[in-house]
Amino acid sequence: MAAGRLSRTAAVAMNTYRESVRERVLYNLLFFALLMTLSGLLLRDLSIRQDDRILKDLGLAAIDLFGTVIAIFIGVGLVNKEIDRRSLYPLLAKPLRRSEFVVGKFAGLSLTLLVNVAAMTAGLYFTLAVTRHPLDLHIAKAVACLYLGLLLTVALALFFSAVTSAGLAVVCTISLVLAGRFADVVRNMPEVAPSVPRALARAVYFALPNFANFDLKDRVVHADPISPAYLAWMAVYAVAYGGLLLTGAAAVFARRDLK
């Protein structure tokens, strides 16, 4: 029974990955390659130290930006697109549970992001090598943390995709991603606006997905150490929060009227 569920989920995941490739999602790698190449050429005249820092910061920011765009705009269409083009009905007519469909869609887009992020990371390292800069292991650690944040973004987009329409799902996902990136501002709100109850600010802070913790660009640029314990904690956080979102998405989608 478990093997059957796993095989059905894997089939949905691979189909989602192939669809992403057909929709030219991977063309984003071309833009990244052009960006890093031009950056390397334009920054040649700077000092080695400045050049090194700017390339790392720009490369990690580009990986984060391109990955987030894919996670949001592809993620919110994972469910509603299947409903709109009525390709979901033949799938559910087979022995495929709605929860397996949701998890499979998440896994498929996660694989797409993994390919993108891995290729862009290789491109960043290649640019550093070509411009004769030392290869920094902390970049790989920062990218791993960014990828965990992207998985959480996919889970968030998938949740709203299962709950509401594609347009509203995009708005809700972008809003929460932005709020999560400025979660510290929410936590410190009572210091700026004393009328805001401190307990409310803290409750909102802990409820928001804290995407700021996944962004380690500053640590890489300033050569601050990134401990394995921190990466492990962020993995636990992403799995726990993302698991809750996927569970909610599966529960809502199971009760959704598809007629």
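Above this text sits the structure in question.
Everything quoted here is computed from the prediction, not taken from an experiment. (Residues numbered from 1 in each chain as written. Predicted model: local features only at pLDDT ≥ 70, side-chain atom pairs only at ≥ 80, totals over all residues. Heavy atoms only, no water.)

**Student:** Would you take a moment to explain the packing of helix H6 (residues 98-130) against helix H7 (residues 137-163) for this structure?
**Tutor:** Axes are the key here: two packed helices are described by the angle between their axes and the distance separating the axes. Relative to each other, H6 and H7 sit at 155°, their axes nearing to 10 Å. Put simply, H6 runs roughly antiparallel to H7. Considering the relative orientation of H6 and H7, their crossing is right-handed. Side by side, H6 and H7 meet where Val-102, Phe-106, Leu-109, Ser-110, Leu-113, Leu-114, Val-117, Thr-121, Leu-124, Tyr-125 and Leu-128 of the first sit next to Leu-137, Ile-139, Ala-140, Val-143, Tyr-147, Leu-150, Leu-151, Val-154, Ala-155 and Leu-158 of the second. Its residues placed into classes, the contact of H6 with H7 shows 19 nonpolar, 2 polar and no charged. (Axes fitted to C-alpha atoms, helices over the stretch in contact; angles between N-to-C directions. Helix = DSSP H or I, 4+ residues; strand = E, 2+ residues; numbered from the N terminus. Parallel < 35°, antiparallel > 145°, perpendicular 65-115°, else oblique. Left-handed = near helix turned anticlockwise from the far one by under 90°. Contact = heavy atoms within 4.5 Å. Nonpolar A, V, L, I, M, F, W, Y, C, P; charged D, E, K, R; others polar.)

**Student:** Quick question: what am I supposed to make of the packing of aromatic side chains here?
**Tutor:** What describes a pair of aromatic rings is the distance from one ring centre to the other and the angle between the planes of the rings. Scanning the entire structure with this criterion turns up 7 aromatic pairs. Between Trp-233 and Tyr-237, the ring centres sit 6.5 Å apart and the planes meet at 50°, which makes this aromatic pair tilted. Linking Trp-233 with Tyr-237, this pair stays in helix H13 (residues 228-255), spanning 4 residues, or about one helical turn. Judged by its relative accessible area of 18%, Tyr-237 is buried. Their ring planes at 50° and their centres at 5.9 Å tell us that Tyr-237 and Tyr-241 sit as a pair that is tilted. (Phe/Tyr/Trp six-rings, centres within 6.5 Å; stacked < 30°, edge-to-face > 60°. Buried < 20%, exposed > 50% of the residue type's maximum accessible area, 1.4 Å probe, protein only.)

**Student:** Would you take a moment to explain the environment of Pro-134 for this structure?
**Tutor:** Considering the arrangement of structural elements, one finds Pro-134 in the loop between H6 and H7. Looking at Pro-134, the relative accessible area reads 57%, which means it is exposed.

**Student:** Quick question: what am I supposed to make of the pattern of salt bridges here?
**Tutor:** One side chain can pair with another of opposite charge once the charged atoms of both are near each other. Summed over all chains, the structure comprises 4 salt bridges. Among the salt bridges present, the one from Arg-181 reaches Asp-64, with a minimum N-O distance of 3.1 Å. Taken together, the positions of Arg-181 in helix H8 (residues 166-181) and Asp-64 in helix H3 (residues 48-75) put the pair 117 residues apart, joining distant regions of the chain. We classify Asp-64 as buried; its relative accessible area is 9%. (Salt bridge = Lys/Arg side-chain N within 4 Å of Asp/Glu carboxyl O.)

**Student:** Got a minute to help me understand H7 in this structure?
**Tutor:** Helical periodicity: at 3.6 residues per turn, an α-helix aligns residues three or four positions apart in one direction. Here H7 spans 40 Å end to end across 27 residues, near enough to the 39 Å set by a 1.5 Å rise per residue. The element H7 is extensively covered by neighbouring structure, given that 20 of its 27 residues are classed as buried. In this structure Asp-136 caps H7, since a side-chain oxygen of it lies 2.9 Å from the backbone nitrogen of His-138. (Expected span 1.5 Å × (residues − 1). Polar contact = N/O pair within 3.5 Å; in protein donor to acceptor, adjacent residues only side chain to side chain.)

**Student:** Where do I start with the nonpolar core in this structure?
**Tutor:** One recurring pattern in soluble globular proteins is that nonpolar side chains are buried together. In this structure, Leu-60, Ile-139 and Phe-214 are the most contacted members of the largest nonpolar core, which totals 57 residues. Of all the elements in the fold, those that place two or more residues in this core are H3, helix H4 (77-84), H6, H7, H8 and H13. For this core, the element with the highest residue contribution is H7, accounting for 17 residues. Those residues in contact with Phe-214 that lie beyond four places of it in its chain are Cys-145, Leu-146, Leu-148, Gly-149, Leu-152, Met-234, Tyr-237 and Ala-238. (Core = buried A, V, L, I, M, F, W, Y, C linked by side-chain atoms within 4.5 Å.)

**Student:** It is not clear to me how H6 should be interpreted in this structure. Could you clarify?
**Tutor:** Relative to the 48 Å expected for 33 residues at 1.5 Å per residue, H6 spans 48 Å between its end C-alpha atoms, a close match to the ideal helical length. Once H6 ends, the next one or two residues include Arg-132, with phi positive near 65°.

**Student:** Would you take a moment to explain a nonpolar patch on the surface for this structure?
**Tutor:** Among the surface-exposed residues, Leu-178, Phe-182, Val-185 and Met-189 lie close enough to one another that they form a single nonpolar patch of about 370 Å² accessible area. For Val-185, the location among the structural elements is in helix H9 (residues 183-187). Judged by relative accessible area, which is 48%, Val-185 ranks as partly exposed. (Patch = residues over 30% accessible without salt bridge, like charges linked within 9 Å, V, L, I, M, F, W, Y side chains within 5 Å. Areas by Shrake-Rupley, 256 points an atom, 1.4 Å probe, with all protein chains shown as cover.)

**Student:** What's the story with the environment of Gly-149 in this structure? I'm lost.
**Tutor:** Along the chain, Gly-149 falls in helix H7. With relative accessibility at 5%, the residue Gly-149 sits in the buried group. Note: C-alpha distance between Gly-149 and Phe-214 (65 residues apart in sequence) is 5.7 Å. Once residues within four sequence positions are removed from consideration, Gly-149 is found in contact with Phe-211 and Phe-214.

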